[in-house]
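What the coordinates show
This is what each chain is made of:
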Amino acid sequence: SGSAATLHVLAQALQAEKRLPEARQMVQKAIVLQDKALAVEPGNPQYRQFLGNHYLLLSGIALAQDNVGSAAKEAEEALREALQVFEKLAADFPTVPGYRKSLGASHFGLVILLHKTGRPKEVEDALRQALPIFEKLAADFPSVAEHRKCLAVNYNALGELLMSRAGQRKEADEALRQALQVYEKLVVDFPTVPDYQKDLADLHNSRGNLMQKTRRPKEAEDAYRQGLQVYEKLATDFPTMPVYRKGLANSHYSLGVLLSETRRQKEAEDAYREGLRIYEKLAADFPTVPDYRDCLGNSYHNLGDVLLNTGRSKEAEEAFRQAIRMLEKQATDFPASPQYASSFAGTLNDLALALKAEEKLPEARQMVEKAVTLQNKALEVEPGNAQYRQFLRNHYSVLSEIALALNDAESAAKAALELQKLYPRSWEQQLRAARLIAQCVRVVSVDSKLSNERRRELIESYEKQVVGLLQDAVQNGFKEVSTLPGQEVFGFLAVRPDFWKLVQESASKATTPAH
C-alpha cells in the first residue's frame, strides 16, 4: 500500500507536467498494488479509500487527454469503480464525512465525463444522485465551507443543464435559486474569501442567461446587474487579479447583449464600451493569453453590430476592423480550433454589411467571400455544428445580396442555391433562395451587355429555378402559397403556367377536407 501511495503521488506530478501516458502507467501500477494489499486485508478502510482515490486519479488523467473520446471508456470504468468503493465505505462508515465527500466527488466526475461525451440524460441522473449526498454533508457540517460549495456547484450544474430544456425551465430556475442561496450565505459567513463572491457573481450571470432565454428581460437585467455589482467590488478590491477584471468585463458584455436584444442600443453601446476598456487592458497586460484577445475581438464585433444597427456604418466598419485584428490572429495561431475561424468569419461577414452600407461593394464582396471560405473550413471540421451551418447560411445570403448590388446575377444565383444545399428540407431557406434568384431576373433584364437571346435564356433559367425552389418549399411545409402572386418580387411569374399550377394545387389541397 505504501508503494501504491508513492506511485499515486508520482502520477499526480506527471499529470501536472502534462505527461499523461506516464501518469496513466503509474496510477495503473498503484491500482494493482492496492488490490494486492486489499487481498491481504480486505476490510482495511484506508486501503479501500486509497483504491478509490487511485481510480479517481485514473479517470482525471483520462479526461485530461486532448481526445477525450478515445479515453472515455477507461475514464467511465474508473469512475464507476470509484463509485462502488466509496458507496460501500459511506455505507459501512456513515459517520466519516470524507467517504461521503469522495462519493459525491465520484458522481460529479461522472457528470463531467457524461457531459463531454454528450449524454445529457445520464448527466442529470448523476447530478440528482450527488445532490442528496452534498445536502446531507452541508447540513451535518455547516462550518465546512467546502461541503456547502459542492452543494451549490451541483445545484448550479443541474440548473444550467435544465436551462436548455424548454419544459424544465421552471425547475432550472429553482435549482439556480437554491445555488444562489447557498453562495449568498457563504459570502456572509466567509467575507474574507473572495472566490465565494466570484462564484456568486457567476451564478447571477447564469440566472441572467436563464431569464434571457425564457424571455424575462427585466429579471435578466436585474440578475446581470447584481453580478456586475459583485464583480465591480472584486475588481476594485483585488486590482491585480485578472480573473476578477475579466469577470467584470464579461458582465458588461452579457448586459450589453441583453440591452441590444431589447432595442436599447445606446445603453448596449455603453455596456460594450465599458467591457472593451477592461478587455483592452487585460490583452495589453497579458499578451500571451489568447482568451483575452478573443474576448476583446468579440466585444468589438458586438459594438460594431450596435453601431451598424443605429446607422453609423463608418464607425461600425472601424469597430469590425478592430475585431478582425484580434480574431484573425486567433484563427492563425490556433488553426486546429474551428471556433476561432468561425468567429473570424462572422466578423468578416458583418464588416461586409458595413461596407455595403457605405457602398464599398467590391471590398464588401471580398470580405464575405473570405468569410465563406473560413466558415466552410470550420464546418468541415465539425459538420454537425449547427451554429457554423447557420453562419455559413448568413454568409451566402450576404454574398448573394452584394452580388445583386454589383449586378452580378450569376454569382448571386450561385450563392443563393447554396442555401438549399445547406438546408435541403427547410422551406424557409428555399423561399429565401427563391427571393434572391428572383432578383437575378431583374438584373439580367436590364443588362445591356447581354444579347437578346442570352438575356431570354438567363431569364428562363432563373424563372425555372425560382419555381423549382417554390415547389420544394411547398413540399417541405410552406403553406402561404396564395400570398405569392401578390408579392412584387415574384411578379414576373404571373405569365408562367407552372407557377399558377403550383398556386392552384396548393389552394386545392388547402380546401380539401382531411379524411
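Counting restarts for each chain: residues are numbered from 1 in the order of the written sequence. Totals for whole chains, interfaces and linings use all residues, but because this is a predicted model, local features are given only for residues with pLDDT of at least 70 and pairs of side-chain atoms are given and counted only at 80 or more. Values shown for side chains rest on all heavy atoms present in the structure; no hydrogens or waters enter the calculation.

**Here's the deal with the overall build of the chain**
What counts, and what does not: What counts as a helix is a DSSP run of H or I of at least four residues, what counts as a strand is a run of E of at least two, and both are numbered from the N terminus. Between buried and exposed lies partly exposed: a residue is buried under 20% and exposed over 50% of the maximum accessible area for its type, with that area taken using a 1.4 Å probe on protein chains only. In this analysis, two residues are considered to be in contact whenever any of their non-hydrogen atoms come within 4.5 Å of each other. For the area figures, the Shrake-Rupley method with a 1.4 Å probe applies, and any residue is considered shielded solely by the protein chains shown. Positive residues here are Lys and Arg, negative ones are Asp and Glu, while His and the chain termini are left out of the count. Taken as the charge location is NZ of Lys, CZ of Arg, CG of Asp or CD of Glu.
Along the backbone of the chain there are 21 helices and zero strands. On the principal axes, the C-alpha backbone points of the chain span a range of 95 × 60 × 45 Å. The buried share of the chain, taken over its 515 residues, is 48%. Partitioning the contacts of the chain with sequence separation of at least 6, the portion at a separation of at least 24 is 60%. Accessible surface, the chain: about 25,600 Å² in total, of which carbon and sulfur atoms supply 53%. Charge centroids of the chain, computed over 67 positive and 68 negative side chains, lie 1 Å from each other.

**What to know about the environment of Asn209**
Looking at where Asn209 falls in the secondary structure, it is placed in helix H9 (residues 194-213). Remark: the alpha-carbon pair of Asn209 and Gly477, spanning 268 residues in sequence, is separated by 32 Å. Excluding its chain neighbours within four sequence positions, the residues that come into contact with Asn209 are Met163 and Tyr224.

**Regarding the side chain of Thr347**
Mapped onto the fold, Thr347 is located in helix H15 (residues 338-357). For Thr347, a relative accessible area of 0% corresponds to the buried category. Those residues within four positions of Thr347 in sequence are excluded, and the remaining contacts are His301, Phe320, Ala323, Ile324 and Leu327.

**Some details on helix H14 (residues 313-333)**
We count it as follows: To estimate how far a helix should reach, multiply one less than its number of residues by 1.5 Å.
Helix length check: H14, at 21 residues, gives a terminal C-alpha distance of 30 Å against a target of 30 Å (1.5 Å per residue), a fit within 8%. Restricting attention to buried positions, one finds in H14 the residues Ser313, Ala316, Glu317, Ala319, Phe320, Ala323, Ile324, Met326, Leu327, Gln330 and Ala331. Packing partners of the buried residues in H14 comprise helix H13 (290-309) and H15.

**Remarks on the packing of helix H16 (residues 361-381) against helix H17 (residues 386-405)**
Convention followed: Comment: axis = line fitted to C-alpha atoms, over the contacting stretch for helices; angle = value between 0 and 180 degrees taken between N-to-C directions. Between 65 and 115 degrees an angle is taken as roughly perpendicular, under 35 as roughly parallel, over 145 as roughly antiparallel, and anywhere else as oblique. Helix crossings fall into two classes, left-handed where the near helix is turned counterclockwise from the far one by less than a right angle and right-handed where it is turned clockwise. Gly is put with the polar residues, along with every residue not named as nonpolar or charged; the nonpolar set is Ala, Val, Leu, Ile, Met, Phe, Trp, Tyr, Cys and Pro, and the charged set is Asp, Glu, Lys and Arg.
Direction vectors running N to C along H16 and H17 enclose 155°, while the axes themselves pass 9 Å from each other. Comparing the axis directions of H16 and H17 gives the class roughly antiparallel. Considering how the two elements wind past one another, H16 and H17 form a crossing that is left-handed. In this structure, H16 uses Leu361, Ala364, Arg365, Val368, Glu369, Ala371, Val372, Gln375, Asn376, Ala378 and Leu379 to contact H17, whose residues at the interface are Tyr388, Arg389, Phe391, Leu392, His395, Tyr396, Val398, Leu399, Ile402 and Ala405. Looking at the contact of H16 with H17, its residues break down into 15 nonpolar, three polar and three charged.

**Regarding the packing of H14 against H15**
Packing of H14 against H15 leaves a shortest axis separation of 9 Å and a crossing angle of 160°. Classified by the angle their axes make, H14 and H15 are roughly antiparallel. Relative to H15, the crossing made by H14 is left-handed. Residue-level contacts link Ser313, Ala316, Glu317, Phe320, Arg321, Ala323, Ile324, Leu327, Glu328, Gln330 and Ala331 of H14 to Tyr340, Ala341, Ser343, Phe344, Thr347, Leu348, Asp350, Leu351, Ala354, Leu355 and Ala357 of H15.

**Quick look at H9**
Each full turn of the α-helix corresponds to 3.6 residues, which orients residues three or four apart in the same direction. Spanning 20 residues, H9 covers 29 Å between terminal C-alpha atoms, matching the ideal 28 Å at 1.5 Å per step. Of all 20 residues in H9, 16 are buried, a share of seventy percent or more. Just downstream of H9 lies Arg215, where phi reads positive at about 60°.

**With respect to the nonpolar core**
Stated formally: We define the nonpolar core as a collection of buried residues of types Ala, Val, Leu, Ile, Met, Phe, Trp, Tyr and Cys that are connected through side-chain atoms lying within 4.5 Å of one another.
Ranked by internal contacts, the top residues of the largest apolar core, which has 96 residues, are Tyr462, Val466, Leu470, Leu484 and Phe490. If one sorts the elements of this core by residue count, helix H19 (residues 427-445) sits on top with 10 residues. In contact with Tyr462, not counting residues within four places along its chain, are Ala409, Glu410, Ala413, Ile437, Cys440, Val441 and Val444. Ala75, Ala82, Leu89 and Leu137 belong to the second largest nonpolar core, which has 67 residues in total.

**Observations regarding the environment of Ala434**
If you trace the backbone, Ala434 turns up in helix H19. Under the relative-accessibility criterion, Ala434 is labelled buried at 0%. In this structure the C-alpha to C-alpha distance between Ala434 and Leu470, which are 36 residues apart in sequence, comes to 6.7 Å.

**Section: the pattern of salt bridges**
Under the convention used in this document: Salt bridge criterion: a side-chain nitrogen from Lys or Arg within 4 Å of a carboxyl oxygen from Asp or Glu.
Tallying each qualifying case throughout the model produces 53 salt bridges. Taking the shortest distance from any N to any O, the salt bridge between Lys246 and Asp291 comes out at 2.3 Å. Taken together, the positions of Lys246 in helix H11 (residues 242-261) and Asp291 in helix H13 put the pair 45 residues apart, joining distant regions of the chain.

**Here we look at the side chain of Gln330**
Inspection of the secondary structure puts Gln330 in helix H14. Classification of Gln330 as buried rests on a relative accessible area of 0%.

**Observations concerning unusual backbone geometry**
With a phi close to 65°, Glu359 is a non-glycine residue in the positive phi region. Locating Glu359 in the fold gives a position in the loop between H15 and H16. What makes Glu359 exposed here is its relative accessible area of 67%. Despite not being glycine, Asn407 has its phi angle at roughly 60°, a positive value. By secondary structure assignment, the location of Asn407 is in the loop between H17 and helix H18 (409-422).

**Structural notes on a nonpolar patch on the surface**
So the rule is basically this: Patches here: salt-bridge-free residues with over 30% relative accessible area, like charges joined within 9 Å, nonpolar side chains (Val, Leu, Ile, Met, Phe, Trp, Tyr) joined within 5 Å.
On the surface, Phe238, Met241 and Val243 cluster together to form a nonpolar patch covering roughly 210 Å² of accessible area. One can find Val243 in helix H11.

**Quick look at the environment of Ala64**
Residue position: Ala64 is located in the loop between helix H3 (45-63) and helix H4 (68-92). Through-space distance from the C-alpha of Ala64 to that of Leu110 is 14 Å; in sequence the pair is 46 residues apart.

**Observations regarding the confidence of the model for the chain**
Operational definition: As a per-residue measure, pLDDT tells how confident the predictor is, with possible values from 0 to 100.
Looking at the chain as a whole, the pLDDT averages 91, with 98% of positions reaching at least 70. The weakest mean pLDDT in the chain belongs to helix H21 (residues 497-511) at 82; the strongest belongs to H17 at 96.

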